[in-house]
Every structure is written in C-alpha cells, then in structure tokens.
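# Coordinate analysis (summary)
Listed here are the chains, written in short residue letters.
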Amino acid sequence: MTLRYLIQKELLQIRRNSFLPKLIVMFPIMIMCVMPWVMQMEVKNIRVDVVDIDRTTQSQRLVHDIEASNYFIFNGMQPTYQAAMTDVEHGKADIILEIRDGKYLIAANAVNGTKGAMGSAYLSQIATKDLRNDNVVGVLNLYNKGQNYKLYMIPALLAIVMMLMTGFLPTLNIVGEKETGTIEQINVTPVSKWAFILAKLIPYWLIALFVITVCLLLAWFVYGITPAGPVWLIYVLAMLLALFFSSFGLIVSNYSDTMQQAIFVMWFFVVCIMLLSGLFTPTRSMPQWAYFTTYINPMHYFIDAIRTVFIRGGGLHETVRQVLALAGIGTLMGCWAVQSYKKNS
C-alpha cells in the first residue's frame, strides 16, 4: 500500500512539471522522425576530378559510370594531376581519379577519414567492375537486402532514446529533492529503502514502455519498417535496459549533492558506455583492452540483441545470452541503488 502511494506521488510530480511531460512526448518523436535521415554512414555527393591521360573507349566508359553513380558528383576533367590536386587543396574536389597506361590511380582527401575511405572504396568498385566485364564477383546480402540504412539505424536510435530518457531523468530525481529539501520529509517516515527506490524506478519503467511504443509506431508509420522478430522480445530488452539505466541514474543521484554534479557524472559514463558499445563502430575493431569492456557494457548486449531481433528476425533462443547479461547487470545495479541510498531517520 505504501509503495502505491509513493508511486502516485512520483507520477504527480512528473505530471505537474511544466517541462517533463512535453519532453517525454516530443523527444522520441524528434529522434525517430529526424535522425534516421541524417545519421547514416552512407557517403554521397563525393566530388571527383578525373585526369584521363589515355583517352580510350574504356576510360570514357568509366567516366560515364562515375557520372551515372548516385554517390559521386562529376567535377569535370582536368588536364594534369597537379591541376586536380589544386582543386582538392581548395576544397573543390574530394577524390582524384587518374587514368594512365590502362592503370587507375585514386587519390582521396582523407581530412574526413570516413568520406575519404568510403569514397575510395566506391570508386574502386566501379573501376573493378569496369575491368571485369565477366562480372564474376558478386555480393549476396543475407539481411537487410535492400541495404536500407534506416533499418540499421532505428535499433540504434531506440537504444539512444532509452538511454537518455531512463538514465538522465532518474539522475535528476533524488538530487533534485536534496536541493529543494523535500527528501528530508521522506527520510523521517518509516518507508523502507526498497519501497522508496522502487517508487523512484517504476515510473521511469512506465515511461520506457511509452517511449518504446512510440518509437516502434513511428518506425512503422513513417518508414514502413517493422521488426523481423517478435515484438515482445524488443519490449523485454528495452525494459531490461531501462532497469540498468534508471538504477544507474539513481546511484549517481544518491552520491551527488547538486544537480550539476549529477549531470556531469552521468554524462561522462553515458558517453563512455555509448562509444564502447558498438553502436557506431564494430567492437572487434577495438584494441583488445577496450574490447574487454564490452563484457560489462549493457548497451553492447542491447545493441547486439535488438539488431538480431529487428533485422535478422532472431528470437529468444538467439538472444538468450544478451537477455541474461542484461538481467544480471540490471539486477546488480538495482541492488546497488537501494544500498547506496542513505536514509536518515
């Protein structure tokens, strides 16, 4: 009974806040409607200068292929390599393709490493295909056959929304009550630490359910993308991630004296957890010592599992390791959140 009234108090505080209800509704909508269009690793509009010394039929066919590609902007023909390099130095071109004696030289501006590497790879594929008229090399995509990058990014955006909404809001909860002085009114009551922390966590789990539902509906309504695997498993994974971040947020809040301190501490850990999770880059590309951190990184397990369910259509059998890891880490953090709360009665 006491727990019910405490949860009611937390929900009333959230509802009476002039900003939080709007944030809870608008944040997932903005993330899902805007970010899939801009957060993509596909590199397009790469400006190419061509230096064609050979002037053969084959070299002209290659130039036409570049012009027809959706990835490149044909910047024009240059008489010499030095003239093309001048364009690169002045920011007018990104890649130089020199054709001399039947050989291709690709020089890329690698100031933007991703653009240079991906642009060179795209151009190399066009040149290789031009050389191989028999087309003996082929690529078979087992999953996401249309190479729709939005399908790849939406699970990552789900993770980001869950992390920010269920991580930062609980972080500001207890420390906010410390600053206003209302925490002392709870401390002098016979409310147990378990009931108090659960009352702080449960509202944010309800928010997590709302957020994940909004995100899935927007993915279907705006992009026509639905999970290939069971939807209930996505909810299970989301709730386990919410358990971790809401508990971790309360831990930070318990050890912080001011909201500024709590925000900076939480931001430090959130950035590290996100960048080391494999959200943007493959974890196997990390140094060995950095890869070891993925074993205790709940975001890594969530990203691995949600992409398995969302893109590959995997079920509980394929994600049981990630589910157990998330449950174990989340439970540990929940117990820590209870023990770290100091109740002065």
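## A look at the pairing of strand β4 (residues 103-108)
Relative to β4, strand β3 (residues 95-100) runs antiparallel, the two sharing six bridges. Considered in β4, the bridge of I95 is made with A108. In this structure, the hairpin formed by β3 and β4 is closed by a connection of two residues, where D101 is found at a positive phi of approximately 55 degrees.

## A few points about the environment of K22
Along the chain, K22 turns up in helix α2 (residues 20-38). Judged by its relative accessible area of 57%, K22 falls in the exposed class. Linking K22 and V211, residues 189 residues apart in sequence, is a C-alpha distance of 12 Å.

## Digging into the pairing of strand β1 (residues 46-52)
Among the seven residues of β1, six are classified as buried, and the element is accordingly described as predominantly covered. Bridge analysis of β1 against strand β2 (residues 72-77) gives five bridges, and the strand direction is parallel. Its bridge partner lying in β2, D49 is registered against G76. In terms of strand pairing, β1 meets β3 through five bridges, oriented parallel.

## Quick word on the pattern of salt bridges
Inspection of every chain in the model, using the stated rule, returns five salt bridges. K9 is the partner of E10 in a salt bridge, and the nearest nitrogen-oxygen pair spans 3.0 Å. By relative accessible area, K9 is classed as partly exposed at 24%.

## A short note on the packing of aromatic side chains
In the structure shown here, the tally under the stated rule is nine aromatic pairs. On the basis of an interplanar angle of 35 degrees and a centroid distance of 4.5 Å, the ring pair of Y71 and Y122 is categorised as tilted. Taken together, the residues span a long stretch of sequence, with Y71 in the loop between α3 (57-68) and β2 and Y122 in helix α5 (residues 113-131) at a distance of 51 residues. Residue classification places Y71 among the partly exposed positions, given a relative accessible area of 26%. Taking the relative accessible area as the measure of exposure, Y122 reaches 14% and is therefore buried. A centroid spacing of 5.8 Å and a plane angle of 80 degrees characterise the contact between Y291 and Y295, whose relative ring orientation is edge-to-face.

## Here we look at the packing of helix α8 (residues 193-223) against helix α9 (residues 231-255)
Closest axis-to-axis distance for the α8/α9 pair is 9 Å, and the angle between their directions is 140 degrees. In terms of orientation, α8 and α9 fall into the oblique class. For the element pair α8 and α9, the recorded crossing hand is right-handed. Contacts between α8 and α9 pair I197, K200, L201, W205, A208, L209, I212, T213 and L216 from the former with V231, I234, Y235, A238, M239, A242, L243, S246, S247 and L250 from the latter.

The rules behind the values
What you see as residue numbers is a count from 1 along each chain, following the sequence as written. Per-residue local features of the predicted model are confined to residues with pLDDT of at least 70, and side-chain atom pairs are confined, for both listing and counting, to 80 or more; whole-chain, interface and lining totals are unaffected and use all residues. As a convention, hydrogens and water are excluded, and side-chain values are obtained from all of the structure's heavy atoms. Should DSSP find at least two bridges between two strands, the strands are taken to pair. What counts as a helix is a DSSP run of H or I of at least four residues, what counts as a strand is a run of E of at least two, and both are numbered from the N terminus. Only protein chains enter the accessibility calculation, which uses a 1.4 Å probe; a residue whose area is less than 20% of its type maximum is buried, one above 50% is exposed, and one in between is partly exposed. We define a salt bridge as a contact between a side-chain nitrogen of Lys or Arg and a carboxyl oxygen of Asp or Glu at a distance within 4 Å. Think of it this way: a Phe, Tyr or Trp ring, Trp meaning its six-membered ring, pairs with another when their centres are within 6.5 Å, and the plane angle makes it stacked under 30 degrees, edge-to-face over 60, tilted otherwise. Between N-to-C directions, angles span 0 to 180 degrees; the directions come from axes that are lines fitted to C-alpha atoms, helices contributing only their stretch in contact. Each angle gets one of four labels, with under 35 degrees taken as roughly parallel, over 145 as roughly antiparallel, 65 to 115 as roughly perpendicular, and the rest as oblique. Less than a right angle of anticlockwise turn of the near helix away from the far helix marks a crossing as left-handed, whereas a clockwise turn marks it as right-handed. Contacts are residue-level and defined by heavy atoms, with any inter-residue pair within 4.5 Å sufficient.

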